[in-house]
Amino acid sequence: MASSTASAVSHRDMANAIRALAIDAVEAANCGHPGMPMGMADVATVLFTKFLKFDPRYPRWHDRDRFVLSAGHGSMLLYSLLHLTGYKDITLEDIKRFRQLGSPCAGHPEYGHGAGVETTTGPLGQGLGNAVGMALAERIVAARFGDDLVDHRTYVIASDGDLMEGISHEAISLAGHLKLSKLIVLFDDNGISIDGPLALSESGDQLARFEAAGWSASRVDGHDPEAIAAAIESAQASARPSMIACRTIIGYGAPKKQGTASSHGSPLGAEEAAAAKKALGWPHGVFEVPENIRGAWLAAGERNHEEHTAWLTRFTAADSDVKAAFERAQEGAINVALWPALNAYRKALIDKPATVASRKASEMVLEVINTHVPETIGGSADLTGSNNTRTKGMEAIEAEDFRGRFLHYGVREHGMAAAMNGMALHGGIIPYSGTFLVFADYCRPSIRLAALMQQRVIHVMTHDSIGLGEDGPTHQPVEHLASLRAIPNLNVFRPADVIETAECWELALRATKTPSVIALSRQNLPQVRLKHSEENRCAKGAYVLSPATAKHHVTIIASGSEVSIALEAQKQLEAQGIGASVVSMPCMDLFAAESASYQDRTIDPKSVRIAVEAGARQAWDRWIGRDGVFIGMNSFGASGPYEALYKQFGITADNIVRAARQRL
């Protein structure tokens, strides 16, 4: 019944259902972007009715194709498709409440608000970068579990804005280098930007650009369904990633506004909306989709159910160990054997302390983690030897062989961070990678989106202060810790030694809904934890590392490389009869989540409070109060040996003691 209904309904009617819903939703909200959904409705209809592998009844099917609307401003395109094909999370009532508080149909697609939204998009270029990560994850997981369980494609609808953003260059070149042939980008080539004709700001040849990066590229009429289908079929057969430039008319059907910037980011208006529906041959009421057209769309949503059933049969027949490993990987669960292994590792360090840079300490604990957790995929932005993110036995992932566990991202920090988000969203992988902390600025938009989407993505960021020395202020982070700590739902770790580094890594892995930044030193750090604790002391964010032995007057709070300096200051103060405690604060974010009573027990509010960190003061005032002392950076750094720099900028034990005595 459904298939006969579908065959009786024309492509034009199905595409116009998308256009009508987009027009009506934007009019009802009195804001939004109708132009792109109207222009790309033909392309989306071909993709969802003929090519995309999905099953709305089981939207988390692991072997579904991934669809990314990188042009997130055109969100009504996605919401219309999900509703029409039968996704239960997007109802007609939800669409009627487009852009309203509580509706899953947010202004831009938000991951977690409804099944079928594979990633949060809106900041242009991010979706394209995520899609590269998804396509990469598909190949990596397939190399581990085989094509019987993992064999799907990633499709992207991208706008001219996506392709103008700098991140697109990084994403495109990485995908071309790795020959991610199951990645297909459908470019909405409508020649219009917010300011007007695209020619105002862009004159490049996108096809030549993609081809130069190792892609297949073609151009089609984006309103010719047969040409669109033929182009997608050709792309599916390519040994390279593919870009199809779909020449479309933005606001297609609107008599006065189609092909103009006025249809991009605002409602058509009641008169133009009615005229558009008349021109499109859509005589139906507001938010009305006739039953025969609705039935055709629901049939499109059902067409892969048999393929899903066949996949379930193959999965059921797989070896029990394979099934267990596959399910664990998809769920993001950690091999439980890791936790006692990490405990044993910490115990061994008590017996044989290590004075190493915390970046080296990270490599040491990664040897344990990567042995027990096959899902971890490491990488670096061309700084492997500096970030220490590649452990023994980690083979590189290459275009001809995805069995490795280490990615050479090249100097593509932004593309790397976006790809890691896509890998985490895809599932089956726990991504981590490295760069210098100062280059967090290049990663920040993707880090923010990982936090918004609650994705476990781990950023190893080394050379975390003026302690990197001679490379000078261009490479010495000052404001970066404060900037990252300002992002909600992001754990910023700065461990003081090998023990804290191991504990911070454990916490990052356990935080399944929170990304992490682990800031690590270039210079060697003494081991400050010399007694074993079964408890992960970093879990509360801060703790009393060394209590006062005399009457308590001073609390010195420090993170990372400055903890050992704080301990030296404590020694001097205690020798002068001044009781001082040292609090290590490896994660301000976790400490802020603790109870006020624990915070006050850790940092005595009645004591003289001194914070020490080779970074900016911002965020520390919460813990030291108006009368507290901050010893750190209030300017950029300088080029020179790190020992001289610490003296130059006053981050010394003597300066801490002097400040304490002045306040007492």
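Residues numbered from 1 in each chain as written. Predicted model: local features only at pLDDT ≥ 70, side-chain atom pairs only at ≥ 80, totals over all residues. Heavy atoms only, no water.

## Quick word on the sheet that holds strand E3 (residues 183-189)
- The sheet built from five strands is open, its strands ordered E1-E2-E3-E7-E6 with parallel pairing. Looking at strand neighbours, the two that pair on one side only are strand E1 (66-69) and strand E6 (216-221), the edges of this open sheet. Going from strand to strand, the sheet's axes swing by 20 degrees on average, the running direction of each strand aside.
- Judged from the five bridges that link them, strand E2 (residues 154-158) and E3 form a sheet pairing that is parallel. Counterpart to Val156 in the pairing with E3 is Val185. (Pairing = 2+ DSSP bridges. Helix = DSSP H or I, 4+ residues; strand = E, 2+ residues; numbered from the N terminus. Axes fitted to C-alpha atoms, helices over the stretch in contact; angles between N-to-C directions.)

## Structural notes on the packing of aromatic side chains
- Summed over all chains, the structure comprises 15 aromatic pairs.
- Aromatic pair Phe54 and Tyr87: ring centres 6.2 Å apart, planes at 5 degrees, arrangement stacked. One end of the pair, Phe54, is in the loop between helix H3 (35-51) and E1; the other, Tyr87, is in the loop between helix H4 (75-85) and helix H5 (92-96), with 33 residues separating them in the sequence. For the pair Phe54 and Tyr87, one class covers both residues: buried.
- Connected via pairs of aromatic rings, a cluster forms that spans Phe48, Phe54, Phe67 and Tyr87.
- Stacked on the ring of Trp339, the Lys or Arg Arg510 has its end atom at 3.8 Å from the ring centre. (Phe/Tyr/Trp six-rings, centres within 6.5 Å; stacked < 30°, edge-to-face > 60°. Buried < 20%, exposed > 50% of the residue type's maximum accessible area, 1.4 Å probe, protein only. Lys NZ or Arg CZ within 6 Å of the ring centre and 35° of its normal.)

## Section: the side chain of Gln126
- Residue position: Gln126 is located in helix H6 (residues 126-145).
- Among residues more than four places away in sequence, those in contact with Gln126 are Ile167, His414, Ala418, Pro445, Ser446 and Leu449. (Contact = heavy atoms within 4.5 Å.)

## Some remarks on the confidence of the model for the protein
- In the predicted model, the protein carries a mean pLDDT of 97, and the fraction of residues at 70 or more is 99%.
- Looking across the protein, the model is least confident in helix H1 (residues 2-7), with a mean pLDDT of 50, and most confident in E3, with 99. (pLDDT = per-residue confidence, 0-100.)

## Regarding the sheet that holds strand E9 (residues 376-380)
- Strand order in the open sheet formed by six strands is E10-E9-E11-E12-E14-E13, and the pairing between neighbours is parallel. Unpaired on one side and paired on the other, strand E10 (406-408) and strand E13 (491-493) mark the two borders of the sheet. Across the sheet, the mean angle from the axis of one strand to that of its neighbour is 20 degrees, orientation sign disregarded.
- Bridge count between E9 and E10: three bridges; the pairing is parallel. Bridge pairing in E10 places Gly378 opposite Phe406.
- On top of the sheet, helix H19 (residues 440-453) reaches strand E11 (430-436), strand E12 (458-462) and strand E14 (516-519); it is set at about 165 degrees to E12, its chief contact.
- Strand contacts of helix H21 (residues 498-510): E11, E12, E13 and E14, with the helix running at about 150 degrees to E12, the strand carrying the most contacts.

## Focus on the pattern of salt bridges
- Within this structure, the stated rule accounts for 30 salt bridges.
- Here Glu138 ties to Lys182 by a salt bridge, and the two come within 3.2 Å at their closest N and O atoms. You can see Glu138 sitting in helix H6 and its partner Lys182 sitting in the loop between helix H8 (166-177) and E3, a full 44 residues away along the chain. Assigned by exposure class, Glu138 and Lys182 land together as buried.
- Notably, a salt bridge pairs Arg139 with Asp147, separated by 3.6 Å at the nearest N-O pair.
- Connected via shared salt-bridge partners are Glu138, Arg139, Asp147, Asp151 and Lys182. (Salt bridge = Lys/Arg side-chain N within 4 Å of Asp/Glu carboxyl O.)

## Quick look at the side chain of His414
- Along the polypeptide, His414 turns up in helix H18 (residues 413-426).
- Taking the relative accessible area as the measure of exposure, His414 reaches 17% and is therefore buried.
- Of note is the side chain of His414, whose polar atom sits 2.9 Å from the side chain of Gln126.
- Ignoring sequence-local partners within four residues, the contact set of His414 consists of Gln126, Ile167, Glu170, Tyr442, Pro445 and Ser446. (Polar contact = N/O pair within 3.5 Å; in protein donor to acceptor, adjacent residues only side chain to side chain.)

## Considerations on the layout of surface pockets
- In this structure, the largest pocket encloses a volume near 450 Å³.
- Lining the largest pocket are 22 residues, with Tyr111, Glu331, Ala424, Gln455 and Thr512 sitting closest to its centre.
- Residues belonging to the lining of the largest pocket are distributed by class as follows: seven nonpolar, nine polar and six charged. (1 Å grid on protein atoms, 1.4 Å probe; cavity = no way out; pocket = protein on both sides within 12 Å on 5 of 7 lines; lining within 4 Å. Points joined across faces, edges and corners; volume = space filled by probe spheres on them. Nonpolar A, V, L, I, M, F, W, Y, C, P; charged D, E, K, R; others polar.)

## Side note on the environment of Ala143
- Along the chain, the position of Ala143 falls in helix H6.
- A sequence separation of 401 residues divides Ala143 from Val544, and the C-alpha atoms of the two residues are 47 Å apart.
- Apart from residues no more than four positions distant in its own chain, Ala143 is found in contact with Phe402 and Arg403.

## Considering empty space enclosed by the protein
- The tally for this structure, following the rule as stated, stands at three cavities of 30 Å³ or more.
- Size it by volume and the largest cavity reaches roughly 110 Å³.
- Surrounding the largest cavity, Phe48, Leu52, Phe54, Pro59, Arg64, Asp65, Phe67, Leu78, Leu82, Tyr87, Gly116 and Glu118 form its lining.

## Quick word on helix H22 (residues 563-575)
- For H22, which comprises 13 residues, the first-to-last C-alpha distance of 19 Å matches the rise-based estimate of 18 Å (1.5 Å per residue) to within 8%.
- Within H22, burial applies to Val563, Ile565, Ala566, Ala569, Gln570, Leu573 and Glu574.
- Against the buried residues of H22 lie strand E16 (543-546), strand E17 (552-558), strand E18 (579-584), helix H26 (642-648) and helix H27 (653-663).
- Downstream of H22 by a residue or two, Gly577 has a phi angle that is positive, lying close to 80 degrees. (Expected span 1.5 Å × (residues − 1).)

## Thoughts on the packing of H4 against helix H12 (residues 291-302)
- Two numbers describe how H4 lies on H12: the axes approach to 7 Å, and their chain directions differ by 85 degrees. When the axes of H4 and H12 are compared, the pair comes out roughly perpendicular. Only Arg294, Trp297, Leu298 and Gly301 of H12 make contact with H4, whose side of the interface consists of Leu81, His83, Leu84 and Thr85. (Parallel < 35°, antiparallel > 145°, perpendicular 65-115°, else oblique.)

## Observations concerning the packing of H6 against H8
- Look at H6 against H8: their axes get within 9 Å of each other, and the N-to-C directions meet at 20 degrees. Relative to H8, the element H6 is oriented roughly parallel. For H6 against H8, the interelement crossing comes out left-handed. Counting all contacts with H6, which are made through Gln126, Leu128, Gly129 and Val132, the residues of H8 involved are Ile167, Ser168, Ala171, Ile172, Leu174 and Ala175.
- Looking at side-chain class alone, the contact of H6 with H8 contains seven nonpolar, three polar and no charged residues. (Left-handed = near helix turned anticlockwise from the far one by under 90°.)

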